[in-house]
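# A look at the structure
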Amino acid sequence: MSDIKTLEMPKWGLSMEEGLLAQWSIQEGDSFTKGQEICEIETSKIVNVLEAPFAGTLRRILARQGDTLKVGAALALVAEASISDAELDAFTASLAAAGPAASVAPPPARPAAAPTLDNALPTASAPSTKPVATSGQTEVPLGLLGSTDAAQVNATPHALRLAARLGADLSKVRGSGREARISVADLESAILAAGGRIASPTLPSRSGKAPRSHADDSQVPATPLARRLAGKLGINLHDCRSSGSRGRVSREDVQAAALLLDGQPQTATAPNAAPAAFENLPLSGMRRAIATRLQASKQHSPHFRLIADLDLERLLALRKEINLGAPGVKISVNDLLVKACAQALVAVPDVNVQFDEAGQSIRRFTDADISVAVALPAGLITPIVRAANRKSVSEISHDIHSLVTRVKAGTLKPEEFQGGTFSVSNLGMLGVRQFDAIINPPQGAILAIGAGEVRAVARDGQIVARHQLTVSLSCDHRVIDGALGAAFLQELKRLVETPTLMFV
């Protein structure tokens with residue numbers, strides 16, 4: 001088996017702990033070369049392509065599309081055609097045996113009777129070789145009794161809780177999940193295989209009827225089929241047990257809950273009312289990361305906002321002059337605004353900061369690394385123009401175009417979107433006049449850029465038409481005060497309205 005190699009979940013960036021296998025680019029039996037695209041992997045930040053670290057033949061796929069695996073987990077086996085299927089089976093088994101659950105020696109079993117799901121563990125008067133029956137008719141064989149060390153066993157949270165209630169030792173149970181992870185179904189199967197018995201699930205009742213939950217069940221782990229069936233039958237997932245894989249509610253759990261709730265489905269709408277059509281869309285890894293980071297930003301960063309109107313007349317004239325006079329160069333207003341922000345950050349360095357919450361300190365940077373928000377169907381990502389203050393406008397334009405292209409292709413490297421000292425978010429191309437942006441932690445500020453438009457303004461006592469732009473600066477009040485934020489906007493306004501100063 002020394003000729004068998006594995007393709008593993010890569011680690012892209014220090015914060016990456018797991019990845020979702022989005023799509024295989026080759027199939028079992030295909031040969032590939034070093035550097036060839038093998039599969040697409042989605043992390044909490046990007047969708048990227050895994051390139052083959054060596055040449056070989058893909059003999060067996062271990063991870064299917066949609067599977068989420070830890071960094072370093074085996075995705076597939078690579079071997080020559082001379083390697084038999086039996087050898088591949090043995091190698092796969094050795095990978096499972098090397099998992100956390102297989103490497104732990106089982107602790108000694110306690111001669112105690114197994115508890116019910118609702119009672120504490122009773123004290124047994126004497127050991128017995130027969131299964132121990134609970135008052136709820138769940139029977140756990142003596143051979144499975146014992147305590148479980150959660151840190152040493154690869155099991156779902158639901159399986160750990162059930163094992164603790166039953167007094168079962170999960171190190172004696174073989175898991176069927178990825179990397180031999182133990183689920184509730186695995187524990188119940190082990191009890192039955194050893195001669196025990198599983199009690200039928202019961203729900204508390206009142207006056208012969210089981211109470212119905214009305215809590216939001218969108219975050220309850222459930223299979224897609226179970227969620228659709230629950231919506232059809234009007235069953236709240238909080239009323240279902242979780243016996244499916246990875247502790248999720250299964251279709252059978254929904255059906256059991258429907259029978260227990262008076263044997264009839266719950267009416268989701270008022271009589272004679274047409275049910276509203278909707279679709280449940282699970283959050284992608286990127287969407288979950290965005291939700292977590294921005295919620296934390298709003299909760300922990302005291303936001304305040306400053307608004308300014310910028311006159312674009314001279315900036316637009318400079319852009320036109322550059323684009324006409326420099327063949328092959330096409331500068332956008334956003335490129336010039338990124339350059340202006342970089343120059344303003346150098347002039348007002350106390351805005352060019354990150355807040356180290358753990359160390360309760362402020363990191364102030366010499367160069368302005370500008371994060372530029374780019375919208376994707378799956379969410380938002382902020383590739384970084386490094387040292388924008390040191391680059392020409394054409395270099396900034398080239399960098400932004402290259403970064404956006406790689407963002408949409410899913411080939412952006414972690415170091416190209418992690419970090420940054422300041423962010424810009426531009427919705428002007430969508431016709432948004434003004435908006436407020438949420439700070440991208442650990443940065444201290446973000447500039448929201450609206451649409452440039454012709455407005456009536458007063459100049460020298462006369463009402464004239466001028467191209468104007470409204471920007472909104474969101475600041476973290478823990479590190480940036482109002483006067484400091486205003487000084488940044490003042491410098492930005494000076495550079496935008498006298499753009500030749502950016503080249504001095």
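Going by what an unreviewed UniProt entry lists, the chain is known as Dihydrolipoamide acetyltransferase component of pyruvate dehydrogenase complex and is assigned to Serratia plymuthica. The heading Cofactor (unreviewed entry) in the UniProt record of the chain holds the text "(R)-lipoate". Turning to the chain, the UniProt annotation filed under Sequence similarities (unreviewed entry) states: "Belongs to the 2-oxoacid dehydrogenase family."

A few words now on the overall build of the chain. In terms of regular secondary structure, the chain is built from 10 helices and 21 strands. Per-residue burial over the chain gives 43% buried out of 504 residues. Expressed as a percentage of contacts within the chain between residues at least 6 apart in sequence, the contacts between residues at least 24 apart total 60%. For the chain, the computed accessible surface area is about 26,500 Å², with 53% contributed by carbon and sulfur atoms.

What follows deals with the side chain of Ser 171. The topology assignment puts Ser 171 in the loop between helix H2 (157-166) and helix H3 (184-193). Side chain to side chain, Ser 171 and Asp 169 meet in a polar contact 2.8 Å long.

The next point concerns the packing of helix H8 (residues 333-347) against helix H9 (residues 393-409). Two numbers describe how H8 lies on H9: the axes approach to 9 Å, and their chain directions differ by 115 degrees. When the axis of H8 is compared with that of H9, the two are roughly perpendicular. As H8 packs across H9, the resulting crossing turns out to be right-handed. Residues Asn 334, Asp 335, Leu 336, Val 338 and Lys 339 of H8 form the contact with H9, whose participating residues are Val 393, Ile 396, Ser 397 and Ile 400. Looking at the contact of H8 with H9 residue by residue, the classes come out as 5 nonpolar, 2 polar and 2 charged.

Our focus in this paragraph is the packing of H8 against helix H10 (residues 482-497). Here H8 crosses H10 at 135 degrees, and the two axes come no closer than 9 Å. Accordingly, the angle class assigned to the pair H8 and H10 is oblique. Once H8 is placed against H10, the crossing between them reads as right-handed. Residues Leu 337, Ala 340, Cys 341, Gln 343, Ala 344, Leu 345 and Ala 347 of H8 form the contact with H10, whose own contacting residues are Phe 488, Glu 491, Leu 492, Leu 495 and Val 496.

For the rest of this paragraph, the subject is the environment of Leu 283. Its location among the elements puts Leu 283 in the loop between helix H5 (251-260) and helix H6 (285-300). Spatially, the C-alpha atom of Leu 283 lies 8.9 Å from that of Ala 378, the residues being 95 residues apart in sequence.

Attention now goes to the packing of aromatic side chains. Describing an aromatic ring pair means giving the distance of the ring centres and the angle of the ring planes. Tallying each qualifying case throughout the model produces 2 aromatic pairs. When the ring of Phe 32 is compared with that of Phe 54, the centres are 6.5 Å apart and the planes differ by 45 degrees; the resulting orientation is tilted. Here Phe 54 lies in the loop between strand S5 (47-51) and strand S6 (56-61) and Phe 32 lies in strand S3 (residues 31-32), a separation of 22 residues in the sequence. With respect to burial, Phe 32 and Phe 54 carry one shared label: buried.

Sheet architecture is open: 4 strands sit in the order S1-S8-S6-S3, paired in antiparallel fashion. The sheet is open, and its two edges are formed by strand S1 (5-8) and S3, each paired on a single side. The pairing of S3 with S6 spans 2 bridges and is antiparallel. Looking across to S6, one finds that Ser 31 is bridged to Thr 57.

Ile 370, Phe 422, Val 424, Leu 447, Phe 488 and Leu 492 are the most contacted members of the largest nonpolar core, which has 49 residues in total. A total of 8 residues in this core trace back to one element, the largest contributor, which is H8. Those residues in contact with Phe 422 that lie beyond four places of it in its chain are Cys 341, Leu 345, Val 351, Asp 369, Ile 370, Ser 371, Gln 443, Ala 445, Ile 446, Leu 447, Leu 473 and Phe 488. Within the second largest apolar cluster, 22 residues are counted, among which are Phe 32, Cys 39, Ala 52 and Ile 61.

We now examine the pattern of salt bridges. What the rule picks out here adds up to 20 salt bridges. Between Arg 59 and Asp 85 there is a salt bridge, and its shortest N-O distance comes to 3.4 Å. With Arg 59 in strand S6 and Asp 85 in helix H1 (residues 85-97), the pair connects residues that are 26 residues apart, well separated along the chain. Judged by its relative accessible area of 18%, Arg 59 falls in the buried class. Its relative accessible area of 49% is what places Asp 85 among the partly exposed residues.

Counted at 1.5 Å a residue, the expected span for H9 with its 17 residues is 24 Å, and the 24 Å between its end C-alpha atoms agrees. Listed in full, the buried residues belonging to H9 are Val 393, Ile 396, Ser 397, Asp 399, Ile 400, Leu 403 and Val 407. The buried residues of H9 occupy an angular sector of 165 degrees when projected down its axis, which confines them to one face. Pointing more than 90 degrees away from the buried face of H9 are the exposed residues His 398 and His 401. Elements in contact with the buried residues of H9: H8, strand S14 (370-372), strand S15 (374-376), strand S16 (379-381) and strand S17 (384-385). Following H9 by one or two positions, Gly 410 has its phi on the positive side, about 75 degrees.

Conventions and cut-offs
- Here the residue numbering is sequential within each chain, running from 1 through the sequence in written order.
- Reporting in this predicted model follows two pLDDT cut-offs: at least 70 for local features of residues, and 80 or more for side-chain atom pairs to be given and counted; totals over whole chains, interfaces and linings ignore these cut-offs and use all residues.
- Based on all heavy atoms of the structure, the side-chain values leave hydrogens and waters out of the count.
- UniProt positions are given in the numbering used here, feature names are shortened, and annotations may be inferred rather than shown by experiment.
- Strands are runs of DSSP state E lasting at least 2 residues, helices are runs of H or I lasting at least 4, and numbering of each runs from the N terminus.
- Each residue's exposure class comes from its accessible area (1.4 Å probe, protein chains only) as a fraction of the maximum for that residue type: buried when under 20%, exposed when over 50%, partly exposed otherwise.
- Throughout, a residue-residue contact means that at least one pair of heavy atoms, one from each residue, lies within 4.5 Å.
- For every accessible area listed, the method is Shrake-Rupley and the probe measures 1.4 Å; residues are considered covered only by the protein chains on display.
- Between N or O atoms, a polar contact is any pair within 3.5 Å; within protein, one atom must be a potential hydrogen donor and the other a potential acceptor, and residues adjacent in sequence are included only when both atoms are from side chains.
- Here an angle of 0 to 180 degrees is reported between the N-to-C directions of two axes, which are lines fitted to C-alpha atoms, with helices fitted over the stretch in contact.
- Here the angle decides the label: under 35 degrees means roughly parallel, over 145 means roughly antiparallel, 65 to 115 means roughly perpendicular, and every other value means oblique.
- The handedness criterion is simple: a crossing whose near helix is rotated anticlockwise from the far helix by less than a right angle is left-handed, and one whose near helix is rotated clockwise is right-handed.
- Charged residues are taken to be Asp, Glu, Lys and Arg, nonpolar residues to be Ala, Val, Leu, Ile, Met, Phe, Trp, Tyr, Cys and Pro, and polar residues to be all remaining types, Gly included.
- Aromatic contacts are taken between Phe, Tyr and Trp rings whose centres are within 6.5 Å, Trp giving its six-membered ring; a plane angle under 30 degrees counts as stacked, one over 60 as edge-to-face, and the others as tilted.
- Paired strands, as defined in this entry, are two strands with at least two bridges between them according to DSSP.
- Grouping buried Ala, Val, Leu, Ile, Met, Phe, Trp, Tyr and Cys residues that are joined through side-chain atoms within 4.5 Å yields what is termed a nonpolar core.
- Think of a salt bridge as a Lys or Arg side-chain nitrogen and an Asp or Glu carboxyl oxygen that are within 4 Å of each other.
- Each residue after the first adds 1.5 Å to the expected span of a helix.
- Arc, as used here, means the arc of the directions from the helix axis to the C-beta atoms.

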